[in-house]
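Secondary and tertiary structure notes
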Amino acid sequence: MQSREGALVDLYQAVVRPVLFSAIHADPEWLAQQTLRSLSWLDQDPAVAKRWLRSRLDRLYGFSHARLGQTLWGRSFANPIGLAAGFDKDGIAANVWSHFGFGFAEVGTVTLHAQPGNPQPRLFRLPVDRAALNRMGFNNQGAAALAERLTLRTSAFPIGINLGKSKMTPLEDAAADYSGSFRQLKDLGDYFVVNVSSPNTPGLRSLQATDQLEPILAALQQENSAGKPLLIKIAPDLEWDDIAAVVTLAQRYHLSGIIATNTTIRRDGLKTRAIAATGKPVTEEAGGISGAPLRTRSTEVIHFVYQHTKGTLPIIGVGGVFTPEDAWEKIAAGATLVQVYTGWIYEGPGMVRRILQGLLQKLDQQGMTSISEAIGLAHH
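Residues numbered from 1 in each chain as written. Predicted model: local features only at pLDDT ≥ 70, side-chain atom pairs only at ≥ 80, totals over all residues. Heavy atoms only, no water.

1. Describing the environment of Tyr346
Assignment of secondary structure puts Tyr346 in helix 10 (residues 342–347). For Tyr346, a relative accessible area of 5% corresponds to the buried category. Note: C-alpha distance between Tyr346 and Trp240 (106 residues apart in sequence) is 31 Å. Side-chain polar atoms of Tyr346 contact the backbone oxygen of Ala131, separated by 2.7 Å. (Helix = DSSP H or I, 4+ residues; strand = E, 2+ residues; numbered from the N terminus. Buried < 20%, exposed > 50% of the residue type's maximum accessible area, 1.4 Å probe, protein only. Polar contact = N/O pair within 3.5 Å; in protein donor to acceptor, adjacent residues only side chain to side chain.)

2. Considering the packing of aromatic side chains
Summed over the entire model, instances satisfying the criterion amount to 16 aromatic pairs. On the basis of an interplanar angle of 75 degrees and a centroid distance of 6.2 Å, the ring pair of Trp73 and Phe77 is categorised as edge-to-face. Like Phe77, Trp73 is buried. With 5.7 Å between their ring centres and 90 degrees between their planes, Phe100 and Trp344 make a pair best called edge-to-face. Of this pair, Phe100 sits in the loop between strand 3 (81–83) and strand 4 (104–110) while Trp344 sits in helix 10, and the two are 244 residues apart along the sequence. Overall, the relative accessible area of 8% leaves Phe100 in the buried class. Members of the aromatic cluster, connected to one another through ring pairs, are Tyr61, Phe87, Trp97, Phe100, Phe102, Tyr341 and Trp344. Taking NZ or CZ as reference, Arg130 lies 4.2 Å from the ring centre of Phe322, over its face. (Phe/Tyr/Trp six-rings, centres within 6.5 Å; stacked < 30°, edge-to-face > 60°. Lys NZ or Arg CZ within 6 Å of the ring centre and 35° of its normal.)

3. Some points on the packing of helix 7 (residues 240–252) against helix 8 (residues 295–309)
Contact pair helix 7 / helix 8: the axes reach a minimum separation of 10 Å and the direction vectors enclose 50 degrees. When the interaxial angle is binned, helix 7 and helix 8 end up oblique. When the axes of helix 7 and helix 8 are compared, the crossing they make is right-handed. On helix 8, the residues touching Trp240, Ile243, Ala244, Val247, Thr248 and Gln251 of helix 7 are Arg297, Glu300, Val301, Phe304, Val305, His308 and Thr309. (Axes fitted to C-alpha atoms, helices over the stretch in contact; angles between N-to-C directions. Parallel < 35°, antiparallel > 145°, perpendicular 65-115°, else oblique. Left-handed = near helix turned anticlockwise from the far one by under 90°. Contact = heavy atoms within 4.5 Å.)

4. Let's talk about helix 4 (residues 143–150)
Among all positions in helix 4, only Ala143, Leu146, Ala147 and Leu150 are buried. Down the axis, helix 4 shows its buried residues gathered within 100 degrees of arc, on one side only. For helix 4, the secondary structure elements touched by its buried residues are strand 4, strand 7 (159–163) and helix 5 (174–185). (Arc of directions from axis to C-beta.)

5. Here's the deal with the nonpolar core
Judged by nonpolar contacts, the single largest core of 84 residues is most densely connected at Ile81, Trp97, Phe102, Tyr178, Leu185 and Leu359. Top element by residues in this core is helix 11 (residues 351–366). It accounts for 7 residues. Among all residues touching Trp97, those that are not within four sequence positions of it are Leu36, Leu39, Leu83, Phe87, Asp88, Phe102, Ala105, Phe157 and Trp344. In terms of nonpolar packing, the next biggest core, distinct from the first, is built from 12 residues, Ala84, Ile259, Ile316 and Leu337 among them. (Core = buried A, V, L, I, M, F, W, Y, C linked by side-chain atoms within 4.5 Å.)

6. A word on unusual backbone geometry
Along the chain, Gly108 connects to Thr109 via a cis peptide bond; the corresponding omega equals 15 degrees. With respect to the helices and strands, the residue Thr109 is situated in strand 4. Backbone torsion omega between Gln120 and Pro121 reads -5 degrees, so that peptide bond is classified as cis. Here the phi dihedral of Trp73 falls at roughly 55 degrees; this positive angle occurs in a residue that is not glycine. Relative to the helices and strands, Trp73 is located in the loop between strand 1 (70–72) and strand 2 (75–77).

7. Considering the sheet that holds strand 11 (residues 288–291)
The strand order 5-6-11 describes an open sheet built from 3 strands, whose pairing is antiparallel. Pairing within the sheet leaves two strands with one partner each, and these edge strands are strand 5 (123–126) and strand 11. For this sheet the average axis-to-axis angle between neighbouring strands, irrespective of direction, equals 25 degrees. (Pairing = 2+ DSSP bridges.)

8. Topic: the sheet that holds strand 9 (residues 230–234)
Working definition: the strands of a sheet are paired by backbone hydrogen bonds and lie parallel or antiparallel to each other. Read once around its circumference, the closed barrel built from 8 strands follows the order 3-4-7-8-9-10-12-13, with strand pairing classed as parallel. The mean angle between the axes of side-by-side strands here comes to 25 degrees, regardless of whether they run parallel or antiparallel. Direction of pairing for strand 8 (residues 191–195) relative to strand 9: parallel, over a ladder of 4 bridges. Within strand 9, the position partnered with Phe192 by the bridge is Leu230.

9. A few points about a nonpolar patch on the surface
A grouping of Trp41, Trp52 and Leu53 is seen on the molecular surface, where their side chains present a nonpolar patch of about 320 Å² in accessible area. Among the structural elements, Trp52 can be located in helix 3 (residues 48–61). (Patch = residues over 30% accessible without salt bridge, like charges linked within 9 Å, V, L, I, M, F, W, Y side chains within 5 Å. Areas by Shrake-Rupley, 256 points an atom, 1.4 Å probe, with all protein chains shown as cover. Salt bridge = Lys/Arg side-chain N within 4 Å of Asp/Glu carboxyl O.)

Pasting the structure below:
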């Protein structure tokens with residue numbers, strides 16, 4: 001007999017997703033905006049109706065088990081599955097994500113100055129590849145607006161803040177731009193991410209070069225008197241020597257972790273030949289690819305960073321996570337936490353609960369009592 005949860009999964013994948021992905025709602029960005037608009041209403045001061053809806057979300061999508069919890073950077077994470085940056089750029093649903101089963105969420109990317117991002121259309125689905133292509137360009141309302149919104153946060157649910165460079169700021173002034181955002185937000189996040197790896201802001205990825213990255217990290221740590229956890233998010237397209245150099249620099253500046261990885265600019269291996277919305281070959285469309293095509297490379301980078309640091313630097317793994325097996329693979333490679341984005345869009349809101357149940361089964365199969373025992377298992 002099929003469980004209620006299984007029936008919901010089938011309903012989403014057989015009925016809801018095809019409608020959402022149909023030509024009627026062809027623009028994925030429009031759909032994301034509508035979803036966030038609904039969640040922002042639920043995020044605000046919960047009246048009776050909103051409390052009831054939140055409790056319904058908890059019953060449908062929440063899943064709690066002590067064996068999946070861990071403490072990292074002095075903060076409690078109920079489970080290792082988080083929402084990656086990019087979905088809730090302006091933190092308008094910061095109080096809601098826990099009700100979908102997430103153990104944490106990362107808001108942003110936020111920039112010091114509000115900016116509209118790149119021209120539309122700028123977000124495309126590649127369904128046959130279970131992937132997305134985006135060139136959003138850090139569209140957001142700016143650090144001051146995010147600070148005002150997060151000041152109203154009522155939950156102890158861990159929130160990370162992803163920091164990017166404003167497009168209007170010259171590369172040589174990047175350090176001041178990042179530290180300006182951090183100054184306004186440093187009391188409002190549980191951890192912070194230096195994003196120098198998005199392919200959608202001109203020149204940004206050049207900031208991963210150690211001579212350009214070092215001034216940014218130095219400025220942020222000078223501002224970081226409270227010792228907030230500071231991480232760096234790296235691109236999957238870097239060579240091994242370049243990844244090693246970034247990790248070494250992260251250790252020198254006492255960063256608290258690495259996020260591996262951002263989207264990829266590679267197009268090899270894709271089954272999609274052309275983007276339906278534009279008619280152009282996918283090889284001619286600018287932007288980063290997320291989802292299933294990124295899975296193997298992101299896991300390889302996690303392996304490398306874990307080996308390079310001998311497991312001493314926490315890793316948040318992201319890229320191509322759809323199933324419990326995908327999440328387990330990243331944890332076994334060395335990830336302490338795992339983020340999802342594209343997989344959540346394709347699999348639906350019940351995805352997190354299914355992954356968490358699957359991780360518990362993996363722990364049983366391995367005879368482990370806690371998810372922390374599985375971190376780096378592939379290296380043992």
